[in-house]
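# Residue-level structural notes
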Amino acid sequence: MSDRYAVIGNPVRHSLSPRIHAAFASETGEDIEYERLLGDMEDFNGDVRDFFSCGGCGLNVTVPFKEKAWELVDELSERARLAGAVNTITRLDSGKLLGDNTDGVGLVRDLAENHGFDFTDASLLLLGAGGASRGVILPLLQQQPASLTIANRTAEKAVSLAALFSGCGDVYGCGLHEIGNKQFDLIINATAAGLKGDVPAIPDTCLVSGGWSYDMMYGTEPTAFVRWGEAHNAGRTLDGIGMLVEQAAESFYMWRGVRPHTAAVIQQLG
Ligand code: ATR
């Protein structure tokens, strides 16, 4: 029987993870089954326990359960502990559940390896201070950029988030309105503004000419923040499809010990 994996979310119908993992499995010859699970809003823990007690090997966790998964697992990787959220659960041989977070690695790998972004001396601006933002801070700081500024509509949240990571690099928190005339080499949008087709209220001048913009969201049409980058002389405007595939590849690697190739999958979905 194939090893069982799944993505759990609510809603989950739209999830591209089954397609991505099926492509990885066929490319690497791994014998796995990967399904979608609609998580119960009232009993996420019960759903997870049922999945693993029926022989499941690993779960990807998506909105809105990543924080609940963080609380539920028996052990946490360091990056998941700091992210405050878990997107990958693995059942260990001992039966314990290990929580990891591959989102940040996915973002960094997409930027650095797929697109050749050079973090050396780069000043980074991360927009948003919710779960999506928190999950990528440590991996970004591990690239040793010149600085990372977290800017949020509600300034206090960005300030506390920056304080949480102050031991990991040069990281600052502020309100969107405090960006002023500072300029950045890379701006990453981790806000939920795009859900309504909006862009965070940032100054027109905050991207250096030829700098990069990255929207962690993606869609069939260019997202609002991708369009913002195009309108503000970005050298590259990227959406989050590459990050999505790379975080999946990192989960697949954890589970199967084989690193799948991602380029063809990103191209198919992009
Ligand atoms: P997630 O966990 O998915 O990141 P969240 O915790 O609801 O979601 O956080 C959403 C983020 O998007 C927050 O940083 C939010 O800003 P506030 O903390 O001020 O609420 C940000 N956000 C949502 N809509 C926005 C908008 N229209 N403009 C700017 N920021 C926005």
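Owing to the predicted nature of the structure, the values given are computational and were not obtained by experimental measurement.

## Some points on the overall build of the protein chain
The secondary structure content of the protein chain amounts to 10 helices and 12 strands. Here the C-alpha radius of gyration of the protein chain, 18 Å, is about what a compact globule of 270 residues would show, namely 18 Å. Principal-axis analysis of the C-alpha atoms places the extent of the protein chain at approximately 60 × 35 × 35 Å. For the protein chain, long-range pairs separated by at least 24 residues make up 65% of all intrachain contacts whose partners lie at least 6 apart in sequence. Of the accessible surface of the protein chain, which amounts to about 12,400 Å², a share of 48% is contributed by carbon and sulfur atoms. The centroid of the 21 positive side-chain charges in the protein chain is displaced by 3 Å from the centroid of its 35 negative side-chain charges.

## Description of the domain arrangement of the protein chain
It is common to give the size of an interface as the accessible area lost on bringing the parts into contact. Per the domain assignment, the segments of the protein chain are domain 1 (3-101 + 246-269) and domain 2 (104-239). A separation of 25 Å is found between the C-alpha centroids of domain 1 and domain 2. The interface of domain 1 with domain 2 comprises 14 residues on the first partner and 12 residues on the second. Roughly 1,000 Å² of surface becomes buried between domain 1 and domain 2 when both sides are summed, with 58% attributable to carbon and sulfur atoms. Counting every contact that joins domain 1 to domain 2 gives 1 salt bridge. Notably, a salt bridge pairs Glu 250 with Arg 109, separated by 2.8 Å at the nearest N-O pair. In this structure, the connection of domain 1 to domain 2 is made through 4 residue pairs in polar contact (both at pLDDT 80 or more). At the level of secondary structure, the elements contributing two or more residues to the side of domain 1 that touches domain 2 comprise helix 4 (78-83) and helix 9 (241-256).

## Section: the environment of Leu 125
Along the chain, Leu 125 turns up in strand 7 (residues 123-127). By relative accessible area, Leu 125 is classed as buried at 0%. Along the backbone, Leu 125 and Leu 82 are 43 residues apart, and their C-alpha atoms lie at a distance of 19 Å.

## Considerations on the state of the cysteines
Per the stated rule, a full pass over the model turns up 0 disulfides. Take Cys 54: it sits in no disulfide, and the sulfur closest to it among the cysteines is that of Cys 57, at 12 Å. Unpaired in this structure, Cys 174 has its nearest cysteine sulfur neighbour in Cys 206, at a distance of 10 Å.

## Re the site of the ligand
The environment of the ligand is made up of 13 residues, and the closest members are Gly 131, Asn 152, Arg 153, Thr 154 and Lys 157. The backbone of Gly 131 places a nitrogen or oxygen atom 2.8 Å from an oxygen atom of the ligand. Burial of the ligand by the protein chains amounts to 69% of its free accessible area of 640 Å². Comparing atom positions with the cavity grids shows the ligand to sit within the largest pocket. When grouped by side-chain class, the residues that make up the shell around the ligand number 5 nonpolar, 6 polar and 2 charged.

## Digging into the packing of helix 5 (residues 103-114) against helix 6 (residues 131-141)
Contact pair helix 5 / helix 6: the axes reach a minimum separation of 7 Å and the direction vectors enclose 50°. In terms of orientation, helix 5 lies oblique with respect to helix 6. In this structure, helix 5 crosses over helix 6, and the sense of that crossing is right-handed. Contacts between helix 5 and helix 6 involve Asp 103, Gly 104, Val 105, Leu 107 and Val 108 on the former and, on the latter, Gly 135, Val 136, Pro 139 and Leu 140.

## With respect to the packing of helix 5 against helix 9
Two numbers describe how helix 5 lies on helix 9: the axes approach to 7 Å, and their chain directions differ by 115°. You can see that helix 5 and helix 9 cross each other, and the crossing is right-handed. Counting all contacts with helix 5, which are made through Asp 103, Val 105, Gly 106, Leu 107, Arg 109, Asp 110 and Asn 114, the residues of helix 9 involved are Gly 242, Met 243, Glu 246, Gln 247 and Glu 250. Classifying every residue of the contact of helix 5 with helix 9 gives 3 nonpolar, 4 polar and 5 charged.

## Describing the packing of aromatic side chains
Counted by the stated rule, this structure contains 7 aromatic pairs. Here Phe 24 and Phe 252 contribute two aromatic rings whose centre-to-centre distance is 5.5 Å and whose plane-to-plane angle is 70°, an arrangement assigned as edge-to-face. With Phe 24 in helix 1 (residues 17-28) and Phe 252 in helix 9, this residue pair connects regions lying 228 residues apart in the sequence. With respect to class, Phe 24 is no different from Phe 252; both count as buried. Each member of the aromatic cluster is reached from another via a ring pair, and the members are Phe 117, Phe 119 and Trp 212. It is Arg 236 that lies over the ring of Trp 212; its NZ or CZ is 5.2 Å from the centre. The ring of Tyr 253 has Arg 259 sitting right over it, with the charged end atom 4.1 Å from the ring centre.

Calculation rules
- Residues numbered from 1 in each chain as written.
- Predicted model: local features only at pLDDT ≥ 70, side-chain atom pairs only at ≥ 80, totals over all residues.
- Heavy atoms only, no water.
- Helix = DSSP H or I, 4+ residues; strand = E, 2+ residues; numbered from the N terminus.
- Rg over C-alpha atoms; globule rule 2.2 N^0.38 Å.
- Contact = heavy atoms within 4.5 Å.
- Areas by Shrake-Rupley, 256 points an atom, 1.4 Å probe, with all protein chains shown as cover.
- Lys, Arg positive; Asp, Glu negative; His and termini not counted.
- Charge placed at Lys NZ, Arg CZ, Asp CG, Glu CD.
- Domains from an automatic or database assignment.
- Buried area = accessible area lost by both parts, 1.4 Å probe.
- Salt bridge = Lys/Arg side-chain N within 4 Å of Asp/Glu carboxyl O.
- Polar contact = N/O pair within 3.5 Å; in protein donor to acceptor, adjacent residues only side chain to side chain.
- Buried < 20%, exposed > 50% of the residue type's maximum accessible area, 1.4 Å probe, protein only.
- Disulfide = S-S within 2.5 Å.
- Near = heavy atom within 4 Å.
- 1 Å grid on protein atoms, 1.4 Å probe; cavity = no way out; pocket = protein on both sides within 12 Å on 5 of 7 lines; lining within 4 Å.
- Sits in = over half its atoms within 2 Å of the grid points.
- Nonpolar A, V, L, I, M, F, W, Y, C, P; charged D, E, K, R; others polar.
- Axes fitted to C-alpha atoms, helices over the stretch in contact; angles between N-to-C directions.
- Parallel < 35°, antiparallel > 145°, perpendicular 65-115°, else oblique.
- Left-handed = near helix turned anticlockwise from the far one by under 90°.
- Phe/Tyr/Trp six-rings, centres within 6.5 Å; stacked < 30°, edge-to-face > 60°.
- Lys NZ or Arg CZ within 6 Å of the ring centre and 35° of its normal.

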